[in-house]
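Analysis of the macromolecular model
Single-letter residue listing:
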Amino acid sequence: MRFFTVFDIVKNKADQLGHTEDEMYAFLKKEKLNKKDLLAYQESGIIPTDEKVLNGILNYLDMSRVELELKLGRIPEGFEDIFLNNTKEIAKILEERNSVQEEEHNPIPATQPYYSSDLGKLYNGDCLELFKQVSSESVDTVFADPPFNLDKEYDEGVTDKISFSGYLDWYYNWIDECVRVLKPGGSLFIYNIPKWNTYLSEYLSRKLNFRNWITVDMKFGLPIQNRLYPANYSLLYYVKGEKPKTFNVQRIPLQTCPHCGKEIKDYGGYKNKMNPNGVTLSDVWSDIYPVRHSSSKNRKFNELSVKLLDRIISMSTNEGDVVLDPFGGSGTTFAVSELLGRKWIGFELGNCEIIKDRLENKEKDRKLFEKVYEEKNKLFPDKVKELRKKNSLWTDDDFKTDTEKKETEKDTKKSKDNFDQISLSLK
Ligand SMILES: C[S@@+](CC[C@H](N)C(=O)[O-])C[C@H]1O[C@@H](n2cnc3c(N)ncnc32)[C@H](O)[C@@H]1O
């Protein structure tokens, strides 16, 4: 599918007429429009609301508003009923033209992986090309953290600034590939800034089943003048088909004051009903922090935390399942997949040596992983529990019968043994 803005339609018309950009603006000037009047429609999908601007543009395009809306790929406002009552005729016109060719999936000759482990393979190249090597319905979870088109610096040959509609077109193309390779019931997670995810969500909702729009609360820049300070990323979570084939509930600790150990939110009389394994994770994640410190960073560009990827992969897959990440970056998805015993497929257009290095030296990731598991699936991590007991505050131990306490100890030991087993296989 192509995404067009009003600016694109005007630019296409200029190309048809053989106008240069300057000539195009000169013609618009005759309609009393400035360059900025048109540029305002370069970075958004909306139609001008200002009559003067809209009419000027329509005059240059030599079309009606209805035609412009059709060109933008929409059913014109107010014509929905007519459109729906005439779908037979419309379909006939489209089918007669038969311009839409059946797209064929042609697997390309296999590219050699840049790096392989017992669990996964990393390929160096453009994801759109590499996707062609992946069989349909063969992946359990896709996680994608693409460049955000913010003109950020990446490796040579990797651009992070293309046109608004060019970015969306590119996005829709690789999203189609993600949808194709997912198994029925497989999960797709897409991490981006909210602005892009609004468009992607609309596109994805036609192909997959919406589960959650997860808000990852994180300050990621400087305040912008005349705007709200951007402090969240959006993580879209979709599944192929009716319901996910795997959904493992994730639990997090109760939020407490780091100094006194008191709970930050009042849970009132419900404390004895709280699950000792922690609070059920919501769709607002406030406990994920940016990887900034040089001791934990694997490269100078963007990198996501082990905690975020552990959560996504643990939630949507089981041991032995296949995880695919088309934008490898520093390799967080692959490092976590290895630690969790998941198979993985990775692509990266830029430098793959950093990823290879990271996967061959897992000590740092193992330590980060251990830290994540110190808090995971516990109402109070051990240190917090100690602090609370010292300050005579309740803990889940107060509400357990002796049998329950023994059960919890057994469970804790079992999950520790599992974890040690995973860790051992990495040494
Ligand atoms: C935001 S970073 C991913 C960071 C990663 N999630 C991590 O935790 O390290 C996006 C990555 O996508 C890569 N990239 C950009 N365009 C690509 C393409 N067409 N195919 C494959 N990789 C691409 C960039 O080189 C960059 O490393």
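What you see is a predicted model; the values in this text were computed from it and never measured. (Residues numbered from 1 in each chain as written. Predicted model: local features only at pLDDT ≥ 70, side-chain atom pairs only at ≥ 80, totals over all residues. Heavy atoms only, no water.)

When helices and strands are counted, the protein chain shows 16 helices and 11 strands. A burial count over the protein chain gives 44% of its 427 residues as buried. Pairs at least 24 residues apart make up 69% of the contacts formed inside the protein chain by residues separated by at least 6 positions. Total accessible area on the protein chain is roughly 24200 Å²; 50% of this is exposed by carbon and sulfur atoms. (Helix = DSSP H or I, 4+ residues; strand = E, 2+ residues; numbered from the N terminus. Buried < 20%, exposed > 50% of the residue type's maximum accessible area, 1.4 Å probe, protein only. Contact = heavy atoms within 4.5 Å. Areas by Shrake-Rupley, 256 points an atom, 1.4 Å probe, with all protein chains shown as cover.)

Where helix α12 (residues 332–340) meets helix α14 (residues 363–375), the axes come as close as 11 Å, and the angle between the chain directions of the two elements is 70 degrees. As summarised for this structure, α12 and α14 are arranged roughly perpendicular, according to the angle between their axes. Regarding α12 and α14, the two cross each other, and that crossing is right-handed. Residues A335, L339 and L340 of α12 form the contact with α14, whose participating residues are D365, R366, F369 and Y373. (Axes fitted to C-alpha atoms, helices over the stretch in contact; angles between N-to-C directions. Parallel < 35°, antiparallel > 145°, perpendicular 65-115°, else oblique. Left-handed = near helix turned anticlockwise from the far one by under 90°.)

With mixed pairing, 9 strands are arranged side by side in an open sheet as β1-β2-β11-β10-β3-β4-β6-β5-β9. If you trace the sheet from one side to the other, it starts and ends with β1 (115–116) and β9 (284–285), each paired once. The pairing of strand β5 (residues 209–217) with strand β6 (residues 232–239) spans 8 bridges and is antiparallel. Considered in β6, the bridge of W213 is made with L236. The sheet strands contacting helix α9 (residues 164–181) are β3 (139–144) and β4 (182–192), and the helix crosses β4 at an angle near 150 degrees. Each of β4, β5 and β6 is contacted by helix α10 (residues 194–204), which is oriented at about 15 degrees to β6, the strand it contacts most. (Pairing = 2+ DSSP bridges.)

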